[in-house]
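In case you want the letters, here they are:
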Amino acid sequence: MSQRKSDTLKTYADLMEECGLLVKAEFFGQEDSHPEVLTYDSREVTKNTMFICKGAAFKEEYLTSAVEKGAILYISEKEYDTGKDIPYILVKDIRKAMAVLADVFYGSAWKELTVTGIGGTKGKSTSAYYMKSVVDDYMKETGKPESAVISSIDIYDGVSRVESHITTPEAVELQRHFRNAVDSGITFAEMEVSSQALKYNRVDRMRFDVGIFLNISEDHISPIEHPDFEDYFTSKMKMFAQTDHAVVNLDADFSDRILEAARAAGDLTTFSQKDEGADYFAYNIRKDGHETKFSVRSKDGEEDYVLTMPGLFNVENAVAVIAAAKILGIPDSCIHSGLEKARSSGRMELYASRDKKIIAIVDYAHNKLSFEKLFSSTKEEYPDYAIKSVFGCPGKKAYIRRKDLGTIAGQYSEKVYLAAEDPGYEPVEEISGDIAQYVKAQNCPYVMIEDRGEAIRTAIEESEDKTVILVTGKGNETRQKYGSEYIDCPSDVEYVKKYLEIYDQTH
């Protein structure tokens, strides 16, 4: 089912009234009509659509288009003159209303799934894919379909597998994905839960069977995201009130405040690499060839685990997933096998020239925490190699990143190559220039090359001795955001493979 067939337009007005969101409703005698589609995108409108007017960029022409295509009701914070007797529901808060509408329209499909929500500044997508790998091995054993995943990398819901442009989708898409998953026979879902999703009501009315919280540092501070760190922090903490079983990293900054907030969850499990009193304590972390090995001590005893995905820092994500999987009753064999084979597209993807003089690592690292972990881990794992880096920052967002990333890259790199990274409406030259001042402050050479492919090519061509090139920020994404448009382009992985192949041919 896509929605409850008995629901009428009046049903949704009554729902808004029950939630204290209703301002006014007018049906023009059509209150018993049955909606078949719910959307805020006028391009998706078909016959019998309920159309949501939302967003700072909303234009009245979108509503006009929706009505022409068959919308039978609009939901808005203000009344519009459509020139026709189109039913409408006026609400006090369109974002809160949207979450309620979506949840009810799609029949609270999340209740039929075991949902793991993952929050934190760094490591959400890697943890989501670690968890998916573990769960999917469990699903194979039980003869059920692979789990759904909603991440900043991509989305799979049993019906479609698409590249993602946002960490946590708006409520309408989110609940639609859950419904698709349930209708496809899927029983488990893993999802990243962003601060924006929590602040702007995208996950309202749903609960997480397990809620993992990894870490926090200053990020997403800008006029269009969070005005300050406190707003960012309190937004993140909202997840616990919607969580049955919280899994919290004792090594995180502000762990005391996080633990206090986690009391809102049904129960609490902790993990750590520093505090032996944690419920899950990771120790003896070591590199063994291309594998990362570590041990975990818990109430169940001591166990050894292996990760084949590069990056010593990924142990943090793995231990969180081990705790979550144990809470959900997933067999140990599936936890071991899932973690050992786990991969996350665009995360720590390693490529090398034939002569092994050049190693290129493509990673989605894009904030202070992820940069610190990536660069320090690279230096530790490749002590005989120089480091070069290729990255940029998004336009009009998270301004503190420019200082943080420029400083960290400048401290560790032999040279920095600054390139476009979803500049939006801001000129790339201005963004790169902003970052460059912090690179320069570390006495590190840099060059500004807007085209990412050209920047990656130049970094590889200019490397003669043993060099690790860190290409960060875009991973396997195949689009760049310029203005409000997403422009198709090769991924960083494609660029790296192409120019390493040319390097091999010429050396």
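Our structure's up above, just so we're on the same page.
This text gives an overview of the structure that appears in the document. Quick caveat: nothing in here was measured; it's all calculated off a predicted structure.

In terms of regular secondary structure, the protein is built from 15 helices and 24 strands. With the C-alpha coordinates aligned to their principal axes, the bounding extent of the protein is approximately 75 × 55 × 40 Å. Here the protein holds 507 residues, and the buried ones make up 57% of them. Carbon and sulfur atoms make up 46% of the accessible area of the protein, which amounts to about 20600 Å² in all. When the 63 positive and 87 negative side-chain charges of the protein are each reduced to one mean point, those points stand 1 Å apart.

Our next topic: the environment of Leu 405. Within the fold, Leu 405 resides in helix α12 (residues 400–412). Taking C-alpha positions, Leu 405 is 21 Å from Glu 454, a pair spaced 49 residues apart along the chain. Apart from the residues within four sequence positions on either side, Leu 405 is in contact with His 366, Asn 367, Lys 368, Phe 371, Phe 391, Gly 392 and Cys 393.

In terms of nonpolar packing, the biggest core is built from 85 residues, with Phe 178, Met 191, Met 206, Phe 294, Ile 330 and Leu 339 touching the most fellow members. The biggest single contributor to this core is helix α9 (residues 314–327), with nine residues. Not counting residues up to four positions away in its chain, the partners in contact with Met 206 are Trp 110, Val 115, Leu 174, Gln 175, Phe 178, Met 191 and Gln 242. Listed in part, the 27 residues of the second largest apolar core include Leu 15, Ile 89, Met 98 and Leu 101.

Further remarks concern the pairing of strand β15 (residues 291–298). Where strand β14 (residues 280–288) lies against β15, six bridges are found, and the strand directions are antiparallel. Counted as the bridge partner of Ala 282 is Val 296 from β15. From the end of β14 to the start of β15, which pair antiparallel, there are two residues, and Gly 289 there has a positive phi angle of about 65 degrees. One ladder, built from seven bridges, connects β15 with strand β16 (residues 301–307); its direction is antiparallel.

Our next topic: the sheet that holds strand β4 (residues 71–76). One open sheet accounts for five strands, arranged β1-β5-β4-β3-β2; its pairing is mixed. Pairing within the sheet leaves two strands with one partner each, and these edge strands are β1 (22–26) and β2 (37–39). Taking the axes of each pair of neighbouring strands and ignoring which way they run, one obtains an average angle of 15 degrees across the sheet. Here helix α1 (residues 9–18) sits on the sheet and contacts β1, β3 (49–52), β4 and β5 (88–91); the angle it forms with β5, its principal contact strand, is near 10 degrees.

This next bit is on the sheet that holds strand β19 (residues 386–391). With respect to topology, six strands assemble into an open sheet ordered β17-β18-β22-β19-β20-β21, the strand pairing being mixed. The outermost strands of the open sheet, each flanked by one partner alone, are β17 (349–352) and β21 (446–448). Geometrically, the sheet is characterised by an average inter-axis angle of 15 degrees between neighbouring strands, direction not taken into account. Where β19 and strand β20 (residues 415–418) come together, four bridges link them in parallel fashion. The partner of Lys 388 across the bridge, within β20, is Lys 415. Packed onto the sheet, helix α15 (residues 492–506) meets β17, β18 (358–363) and β22 (467–472) and runs at close to 170 degrees relative to β18.

To describe a pair of aromatic rings, you give the distance between the ring centres and the angle between the ring planes. Tallied over the full model, the rule gives 20 aromatic pairs. Between the aromatic rings of Phe 281 and Tyr 283, the centroid separation amounts to 5.7 Å while the plane-to-plane angle is 10 degrees, which identifies the pairing as stacked. Here Phe 371 and Phe 391 contribute two aromatic rings whose centre-to-centre distance is 5.2 Å and whose plane-to-plane angle is 75 degrees, an arrangement assigned as edge-to-face. One end of the pair, Phe 371, is in helix α11 (residues 368–381); the other, Phe 391, is in strand β19, with 20 residues separating them in the sequence. Pair check on accessibility: Phe 371 and Phe 391 agree, each one buried. Its end group placed over the ring of Tyr 40, Lys 54 keeps NZ or CZ at 4.6 Å from the ring centre. If you follow Arg 161 out to its NZ or CZ, it ends over the ring of Tyr 156, 4.0 Å from the centre.

Our next topic: helix α4 (residues 124–142). With 19 residues, α4 extends 27 Å from end C-alpha to end C-alpha; this agrees with the ideal 27 Å at 1.5 Å per step. Counting buried residues along α4, 16 of its 19 residues qualify, which places the element largely inside the surrounding structure.

To continue, consider the packing of α12 against helix α13 (residues 428–440). In the contact formed by α12 and α13, the axes pass within 7 Å of each other and the chain directions differ by 50 degrees. One finds that α12 runs oblique with respect to α13. Of the two possible hands of crossing, α12 and α13 adopt the one that is right-handed. Only Ile 431, Asp 434, Ile 435, Tyr 438 and Val 439 of α13 make contact with α12, whose side of the interface consists of Arg 402, Lys 403, Gly 406, Thr 407 and Gly 410. For the contact of α12 with α13, the per-class residue count stands at four nonpolar, three polar and three charged.

The rules we used
- Residues numbered from 1 in each chain as written.
- Predicted model: local features only at pLDDT ≥ 70, side-chain atom pairs only at ≥ 80, totals over all residues.
- Heavy atoms only, no water.
- Helix = DSSP H or I, 4+ residues; strand = E, 2+ residues; numbered from the N terminus.
- Buried < 20%, exposed > 50% of the residue type's maximum accessible area, 1.4 Å probe, protein only.
- Areas by Shrake-Rupley, 256 points an atom, 1.4 Å probe, with all protein chains shown as cover.
- Lys, Arg positive; Asp, Glu negative; His and termini not counted.
- Charge placed at Lys NZ, Arg CZ, Asp CG, Glu CD.
- Contact = heavy atoms within 4.5 Å.
- Core = buried A, V, L, I, M, F, W, Y, C linked by side-chain atoms within 4.5 Å.
- Pairing = 2+ DSSP bridges.
- Axes fitted to C-alpha atoms, helices over the stretch in contact; angles between N-to-C directions.
- Phe/Tyr/Trp six-rings, centres within 6.5 Å; stacked < 30°, edge-to-face > 60°.
- Lys NZ or Arg CZ within 6 Å of the ring centre and 35° of its normal.
- Expected span 1.5 Å × (residues − 1).
- Parallel < 35°, antiparallel > 145°, perpendicular 65-115°, else oblique.
- Left-handed = near helix turned anticlockwise from the far one by under 90°.
- Nonpolar A, V, L, I, M, F, W, Y, C, P; charged D, E, K, R; others polar.

Function cannot be inferred from these measures alone, as they are strictly geometric.
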